[in-house]
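Summary of the model geometry
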Amino acid sequence: MTIDFNKNSDGLVPAIIQDFTTRQVLMLGYMNEEAYKKTIESGKVTFFSRTKNRLWTKGEESGNFLNLVSIKNDCDNDTLLVKVKPVGPTCHKGTDTCWDEANYQQFGFLTELENVIKSRRLNSNSEKSYVASLFEKGINKIAQKVGEEAVEIVIEAKDDNDDLFLNEGADLLFHYLILLQAKGFSLKDIVKVLEGRHK
């Protein structure tokens, strides 16, 4: 990998730090060639601190290291994407990220849908929705709906109507998300099980 450390007069390139698992951006630091080499050799992310004017391994005082997974160069060879497994919070203020965001795994629209389901469940008295009504009917009714949707997707899988198959798949996933919350779980719990099987 060729990194253009000479592009800037100070010999530094920006290093964007991203959590390998959650894909959250944790912080931005700067590396010179020496910091880059130390990061590769030690497996712990090391920056060049502009305020201390020296190499600085993240976590050297706090113990909140950034364990290196991979480093990629951008298209201009002057910015690094550093994927890490963080030990503890990243920011010196004690937060997960330097933007004061929680570092947890998100699943795009499915996370948004989980949040809607949770909101409907918590506000079931003020908002009569389909989701709220299912929670009111209890776990047996929710589980029954998942079973019904599972049978329907099996039936559609045997036919040639892709649109119906996809819609039944969406119904099954939607009701499964409701069942997960009824049992006190979420998608991240399922992902954890799958990751454990993958190792």
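Every value quoted in this text rests on a predicted model; they were computed, and no experiment measured them. (Residues numbered from 1 in each chain as written. Predicted model: local features only at pLDDT ≥ 70, side-chain atom pairs only at ≥ 80, totals over all residues. Heavy atoms only, no water.)

1. So, the sheet that holds strand 6 (residues 80-86)
Heads up, the rule is: Whether two strands pair depends on DSSP finding at least two bridges between them. The numbering of helices and of strands both runs from the N terminus, where a helix is a DSSP run of H or I of at least 4 residues and a strand a run of E of at least 2. Only the stretch in contact is used when fitting a helix axis, every axis being a line fitted to C-alpha atoms; angles between N-to-C directions are given from 0 to 180 degrees.
The four strands are arranged 2-1-6-5 in an open sheet whose pairing can be described as mixed. Both outer strands of the open sheet, strand 2 (25-31) and strand 5 (66-73), are each paired with one neighbouring strand and no more. The mean angle between the axes of side-by-side strands here comes to 30°, regardless of whether they run parallel or antiparallel. Both strand 1 (residues 13-19) and strand 6 contribute to a ladder of five bridges, which runs parallel. Looking across to strand 6, one finds that Ile-16 is bridged to Leu-81.

2. Things to note about unusual backbone geometry
To keep it simple, the criterion reads: Accessibility here uses a 1.4 Å probe with only protein chains present; expressed as a share of the type maximum, an area under 20% marks a residue as buried, one over 50% as exposed, and anything in between as partly exposed.
The backbone phi angle of Asn-77 is positive, close to 60°, even though this residue is not glycine. Its location among the elements puts Asn-77 in the loop between strand 5 and strand 6. Positioned with a positive phi, Asp-100 is a non-glycine residue whose angle comes to about 60°. Among the structural elements, Asp-100 can be located in the loop between strand 6 and helix 2 (109-122). On the accessibility criterion, Asp-100 (59% relative accessible area) is exposed.

Don't take any of this as a statement about function, it's just geometry.
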